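The primary structure of each chain is shown beneath.
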Amino acid sequence: MSKPALQQHERYGWVVISILRLSDIFVAFTGFTLGILLPDITKEFSLSPVQQGILGTVFFLGFALFSLPTSLWLTRYSPRRVVLIAITGTSLLLFLQGWSPIFAVLLLGRFLFVVLAVSRSAPEVLLMSQWFKPGQIALVNSFAFGVFGIGQTIGLLFAPFLLQALGSWRDVYYLFGLGLLGVALLWLLLGRERQGQETPASRESLLAPARRVLRRGDIWMLAACQVGASVAFASYLIFWPTFMVEEHSFSLKQAGALLSLYAVGGIAGSFASGPISNLLRRRKSLIWPSGLALPLLYLGLLMFQSPLLLAILLFGAGFFAFVSGPIIVTIPFDLNLEPREIAIAIALTRTLNPLGGAMGPFLVGAMQQLTGSLTWGLLIAVTFPITLL
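All figures in this text were calculated on a predicted structure; none of them were measured in a lab.

Asker: Where do I start with the overall build of the protein chain in this structure?
Answerer: The helix and strand tally for the protein chain stands at 17 helices and 0 strands. In terms of overall dimensions, the protein chain is globule-like: its C-alpha atoms have a radius of gyration of 20 Å, near the 21 Å expected for 389 residues. The principal-axis extents of the C-alpha atoms in the protein chain amount to approximately 65 × 45 × 40 Å. In the protein chain, buried positions account for 58% of the 389 residues. In the protein chain, the share of contacts with a sequence separation of at least 24, taken over all contacts with a separation of at least 6, comes to 85%. When the accessible surface of the protein chain is summed, it comes to about 15,900 Å², and 69% of that surface belongs to carbon and sulfur atoms. Between the mean site of the 25 positive side-chain charges and the mean site of the 15 negative ones, the protein chain shows a separation of 8 Å.

Asker: What should I look at first to understand the packing of aromatic side chains in this one?
Answerer: Centre distance and the angle of the planes are the two values used to describe a pair of aromatic rings. Applying the stated criterion across every chain, the model contains 15 aromatic pairs. Arranged with centres 5.7 Å apart and planes meeting at 40°, the rings of Tyr12 and Trp131 form a pair that is tilted. Of this pair, Tyr12 sits in helix 1 (residues 3-32) while Trp131 sits in helix 6 (residues 121-131); the two residues are 119 residues apart in sequence, bridging distant segments of the chain. Residues Tyr12 and Trp131 agree in their burial class; the two are buried. Between the aromatic rings of Tyr236 and Tyr298, the centroid separation amounts to 4.8 Å while the plane-to-plane angle is 35°, which identifies the pairing as tilted.

Asker: Just checking my understanding: could you explain helix 3 (residues 49-74) for this structure?
Answerer: Because the α-helix completes a turn every 3.6 residues, residues three or four places apart line up on one side. Taking 1.5 Å of rise per residue, the 26 residues of helix 3 would be expected to cover 38 Å, and the 37 Å separating its terminal C-alpha atoms lies within 8% of that figure. At Phe66, helix 3 is bent by approximately 40°, the largest bend along its length, and proline Pro69 sits one to four residues beyond.

Asker: I'm lost on the nonpolar core in this one. Help?
Answerer: Where a protein is soluble and globular, its nonpolar side chains tend to be buried together. Within the largest apolar cluster, 117 residues are counted, with the highest numbers of intra-cluster contacts made by Ile41, Tyr236, Trp240, Tyr262 and Tyr298. Among the elements that take part in this core, helix 11 (residues 227-248) stands out by supplying 12 residues, more than any other. Aside from chain neighbours lying at most four places away, what touches Trp240 is Ser235, Ala255, Leu258, Leu259, Leu301, Leu310 and Leu314.

Asker: Explain the packing of helix 15 (residues 325-334) against helix 16 (residues 339-371) here, please?
Answerer: The axes of two packed helices give the description: the angle between them and the distance between them. Between helix 15 and helix 16, the shortest axis-to-axis distance is 9 Å and the interhelical angle comes to 155°. When the interaxial angle is binned, helix 15 and helix 16 end up roughly antiparallel. The way helix 15 lies across helix 16 gives a crossing that is right-handed. Across from Ile328, Val329, Pro332 and Phe333 in helix 15, the residues of helix 16 making contact are Ile342, Ala345, Ile346, Thr349 and Arg350.

Asker: I would appreciate a short explanation of the environment of Ser290 in the present structure.
Answerer: If you trace the backbone, Ser290 turns up in helix 13 (residues 289-303). Judged by relative accessible area, Ser290 falls into the buried class, the value being 1%. Separated by 36 residues in the primary sequence, Ser290 and Gln254 have C-alpha atoms spaced 27 Å apart. Those residues in contact with Ser290, other than ones at most four positions away along the chain, are Pro295, Phe320, Val323 and Leu388.

Asker: In this structure, what is going on with the pattern of salt bridges? I would like to understand it.
Answerer: Going through the model one piece at a time under the given rule, you end up with 7 salt bridges. Note that Arg21 is salt-bridged to Asp24, the shortest N-O span being 2.8 Å. Taken together, the residues span about one helical turn, with Arg21 and Asp24 both in helix 1 at a distance of 3 residues. Here Arg21 falls in the buried class, since its relative accessible area comes to 4%. Residue class for Asp24 comes out buried when judged on its relative accessible area of 11%. Put simply, Arg120 and Asp24 hold a salt bridge, and the shortest N to O gap is 2.6 Å. Pair noted here: Arg120 is in the loop between helix 5 (103-118) and helix 6 and Asp24 is in helix 1, with a separation of 96 residues, a long-range link.

Basis of the calculations
Residues numbered from 1 in each chain as written. Predicted model: local features only at pLDDT ≥ 70, side-chain atom pairs only at ≥ 80, totals over all residues. Heavy atoms only, no water. Helix = DSSP H or I, 4+ residues; strand = E, 2+ residues; numbered from the N terminus. Rg over C-alpha atoms; globule rule 2.2 N^0.38 Å. Buried < 20%, exposed > 50% of the residue type's maximum accessible area, 1.4 Å probe, protein only. Contact = heavy atoms within 4.5 Å. Areas by Shrake-Rupley, 256 points an atom, 1.4 Å probe, with all protein chains shown as cover. Lys, Arg positive; Asp, Glu negative; His and termini not counted. Charge placed at Lys NZ, Arg CZ, Asp CG, Glu CD. Phe/Tyr/Trp six-rings, centres within 6.5 Å; stacked < 30°, edge-to-face > 60°. Expected span 1.5 Å × (residues − 1). Bend = angle between axes of the 7 residues up to and from the residue. Core = buried A, V, L, I, M, F, W, Y, C linked by side-chain atoms within 4.5 Å. Axes fitted to C-alpha atoms, helices over the stretch in contact; angles between N-to-C directions. Parallel < 35°, antiparallel > 145°, perpendicular 65-115°, else oblique. Left-handed = near helix turned anticlockwise from the far one by under 90°. Salt bridge = Lys/Arg side-chain N within 4 Å of Asp/Glu carboxyl O.

This is the structure we're talking about:
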């Protein structure tokens, strides 16, 4: 293939990836604005602290339960079609959450939303393998994590104002659903596989690639290192705004605005991760330092009340929480695995990592119900990110 033709393919690859990342923004909106919407949801459904924790937990539990099964199954089909079905389905499930007449329907809608969102992961790995050279993967993953962080930032910063303007948390979900429906239409028009590089239907059994991948100790270590960081991440994301309102008399808008700086730090860490890693030609150097920094940063968020100091701590926590993410999902591409094996290796990461995210809010909610305070649960969560070290 001539160089101009190759460059044209790479440019269109960025179009494909950009549409996928646009859908990620709405997934981030749904997942990470819960801490802002939770007080109104709690009031309407009279939720207990444990129920609040469960509502936060199901977002991470869906990733943990379905990342590996969907990677085993869905890599056998056209990634373009799988992605179209997944984006359309998630938009409809947002409408279900907005309509939900009882808590059980809201909980089910949120869980199924995550199941369909995670089903896109394996097809996206196949599309990345089609459109990009191995040396570009770290940059593509940095872009992916960075855009996801942008979604978090926008959601956390504007959710309080959006809630006030629309008047109901239900209308917020309806608006997100309309946005994802627009992304589904965009994917229908522009999303495609690379001509001549389509993924053929595999004649291997579903479990054959998994057996090869799961025998590797390096893959298990890679997948497990973020589990502890996810415990703290999910705990603070869901409960830190409430903690600041109850313990330090901050307004919900103040807490939401400050928490958005966590996402800003995450954006900086995500976008910096790939270029720095390629420059250093090392991967691990962007992983283990976070295991030292995050416990101290999270502890500071419980100790201090100065908005300026909290802003610095939140930015730092976001940076160190996200700088390792693109590298962890890039390493499988470095190991000369087949595309289906890469998808399974990344799926294992996305199985174990959300287990920490699922455990965190439940742990904090249970401790609050037991002690009457959020402090002890958040204090326990501080220690977990050392797994990165």
